Amino acid sequence: MLFALLFITITIDFSCGSTTTTIQSNLSSCLENERQALIDFKENLTDEAHRLRSWVGKDCCTWKGVGCSWRTGHVIKLDLRNPIPFNGSDYQYYDHRNNTLRGEMTPSFVDLKHLSYLDLSGNSLDSVLDFLGSLKSLRYLNLSYLLLSENGFEGPLPSSMGNMTQLTVLDLSYNGFKGEIPNSLRNLRSLRVLDLSGNEFNGEFLSSVVGEFKNLESLVISGPIPAGDYDEIQVLILSNNHFSAGIPMSLCNAEGIRLIDLSKNRLSGKIPRCFGNLSSLDVLDLSSNNLSGQIPSSLGFLQRLGYLHLRNNSFLGEFPLSLQNLTGLVTLDLDENAFTGVIPPWIGDKLPYLSCPGDESADDGDHQVLVNEGDRDDDDAELMLFYAGIGPGFVVGLLGVFFTLYFKRKWRYAYFQLIEDSYDRIFVAKAVKANWLRRKFHPQR
């Protein structure tokens, strides 16, 4: 299908080259007021790494980090995130700083009112929050890790952020925000991913946000674990904070949740028995806390659980026999606890990745890997499905090409004209080559 479409594209360009060029030029050129807004923004920035060196010329849609709508020409995407992530090392911090854009947001930035994607993470931009409320078409906003630069935020969030009602992803992590979260953020009912970690928010907003954002699938925060309605949450990452209370029982209502990561906190108490009701759970990470007691046998009901990490806690007693019912378990990490008794033999028989008390291989990353016949049968079944999908896919693609040629007369004529010309070229080249060979090996003729 791709081969045939390539021929069609070449033919169209060959026979109607000037028309195609004109159409593409009209579609890709951005509007002048939006181009000027980007130029004003660039002129107010310090760009030591020359990341914006492509921002020249009339067509801003070809500039690096800028995306335009092919239909309207409006600027809809601006991706200026720092390309060097900061991982804490001095060397990486130096590179991160050199690639940081520094300066101020300009008033003309509001002319980019069709922006749906904005990523300024890892930069140092003043007044960035003053204009966000005017960008009502935003669906993705990432302002994370601005605290790493000189002008990290310290005050509260502006209430105007509640105007971006179409947002589905909001990442404000690691910026040093303080105070209460404005109630206007309750208007962001379309949010699916919310990351507020690395800040110092307070107030009652976090306690109610889970229940009000019905579409929320991923929540990453710092502070007390909110006790709310987790029915729609699919991913909950609250790791590496300073939570000191117990695990809220309201988490047991998240029947559709697939990942819970509460690792590296100071959680105490026991694992709620009602965790056994989380039938969709794939990953449970409670490592590096102060949890105690026995592992509840109800975890044996989690048939989809593939990763269970309980390392570095104070769990007691023996391994629950019900854990052998976890047929999908891939990794089990129980090291650095106070278990008693012997390690059940079924653990070594079923688990490809195992870390238990006294297992030194876990620290070296050398895990025991077991491959059983069931895995091979699954691979064969997937291979058969793959081959079964190739045939119908090829037929549908070929029919698409044929129907296109059937209904588009000009394309059909151009396509077959190209084939005929190619055939003539090949025939002539073959005849010339044959004649040359005949004269070389039979000069007397």
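Residues numbered from 1 in each chain as written. Predicted model: local features only at pLDDT ≥ 70, side-chain atom pairs only at ≥ 80, totals over all residues. Heavy atoms only, no water.

Observations concerning the confidence of the model for the protein
Next up, step 1: Of the residues in the protein, 74% reach a pLDDT of 70 or more, and the chain-wide mean stands at 77.
Next up, step 2: Across residues 1-28 the pLDDT falls below 50, and counting only partners more than four positions away or on other chains, this stretch makes 26 contacts in the model.
Next up, step 3: Segment residues 359-376: pLDDT under 50, and 23 contacts once partners within four positions in sequence are set aside and those in other chains are kept. (pLDDT = per-residue confidence, 0-100. Contact = heavy atoms within 4.5 Å.)

Digging into the side chain of D47
Next up, step 1: Mapped onto the secondary structure, D47 falls in the loop between β1 (45-46) and β2 (66-68).
Next up, step 2: Buried within the structure, D47 lacks any salt-bridge partner; R51 is the closest side chain of opposite charge, at an N-O distance of 5.3 Å.
Next up, step 3: From its side chain, D47 meets the backbone nitrogen of H50 in a polar contact 3.1 Å long.
Next up, step 4: Non-local contacts of D47, meaning those with residues more than four positions away in its chain, are made with L52 and L101. (Helix = DSSP H or I, 4+ residues; strand = E, 2+ residues; numbered from the N terminus. Buried < 20%, exposed > 50% of the residue type's maximum accessible area, 1.4 Å probe, protein only. Lys, Arg positive; Asp, Glu negative; His and termini not counted. Salt bridge = Lys/Arg side-chain N within 4 Å of Asp/Glu carboxyl O. Polar contact = N/O pair within 3.5 Å; in protein donor to acceptor, adjacent residues only side chain to side chain.)

Description of the environment of C252
Next up, step 1: Along the chain, C252 falls in the loop between β13 (235-237) and β14 (259-261).
Next up, step 2: Residues C252 and F275 lie 23 residues apart in sequence; the distance between their C-alpha atoms is 5.6 Å.
Next up, step 3: In this structure, C252 is in contact with P272, C274, F275 and L278, ignoring residues within four places of it in sequence.

Some remarks on the packing of aromatic side chains
Next up, step 1: Here the structure, examined in full by the defined rule, presents six aromatic pairs.
Next up, step 2: Each ring, one from F41 and one from F109, has its centre 5.3 Å from the other, and the planes form 65 degrees; the classification is edge-to-face. You can see F41 sitting in helix α3 (residues 32-43) and its partner F109 sitting in the loop between β4 (102-104) and β5 (117-119), a full 68 residues away along the chain. With respect to burial, F41 and F109 carry one shared label: buried.
Next up, step 3: The interplanar angle of 90 degrees and the centroid separation of 5.1 Å between the aromatic rings of Y406 and F407 together place this pair among those described as edge-to-face. Each member of the pair, Y406 together with F407, is exposed.
Next up, step 4: A connected cluster of aromatic rings, assembled from ring pairs, spans F403, Y406 and F407.
Next up, step 5: Above the plane of the ring of Y117 lies K77, whose end atom (NZ or CZ) is 4.8 Å from the centre. (Phe/Tyr/Trp six-rings, centres within 6.5 Å; stacked < 30°, edge-to-face > 60°. Lys NZ or Arg CZ within 6 Å of the ring centre and 35° of its normal.)

A look at the pattern of salt bridges
Next up, step 1: Throughout the structure, instances matching the rule amount to eight salt bridges.
Next up, step 2: Two residues, R304 and D282, come together in a salt bridge whose shortest N-O distance is 3.5 Å. Within this pair, whereas R304 is found in the loop between β17 (290-293) and β18 (307-309), its partner D282 is found in the loop between β15 (268-269) and β16 (283-285), the two being separated by 22 residues in sequence.
Next up, step 3: Residue classification places R304 among the partly exposed positions, given a relative accessible area of 43%.
Next up, step 4: For R311, the salt bridge identified is with E336, shortest N-O distance 3.0 Å. Residue R311 is located in the loop between β18 and β19 (314-317), and its partner E336 is located in the loop between β20 (331-333) and β21 (338-339); the two are separated by 25 residues in the primary sequence.
Next up, step 5: What makes R311 buried here is its relative accessible area of 17%.
Next up, step 6: Taking relative accessible area as the criterion, E336 reaches 43% and is therefore assigned partly exposed.
Next up, step 7: Connected through shared salt-bridge partners, R311, D333, D335 and E336 make up one network.

Notes on the sheet that holds β21
Next up, step 1: Spatial ordering of the open sheet is given by β15-β17-β19-β21, a layout of four strands whose pairing is parallel. Edge strands, defined here as strands with exactly one partner in the open sheet, are β15 and β21. (Pairing = 2+ DSSP bridges.)

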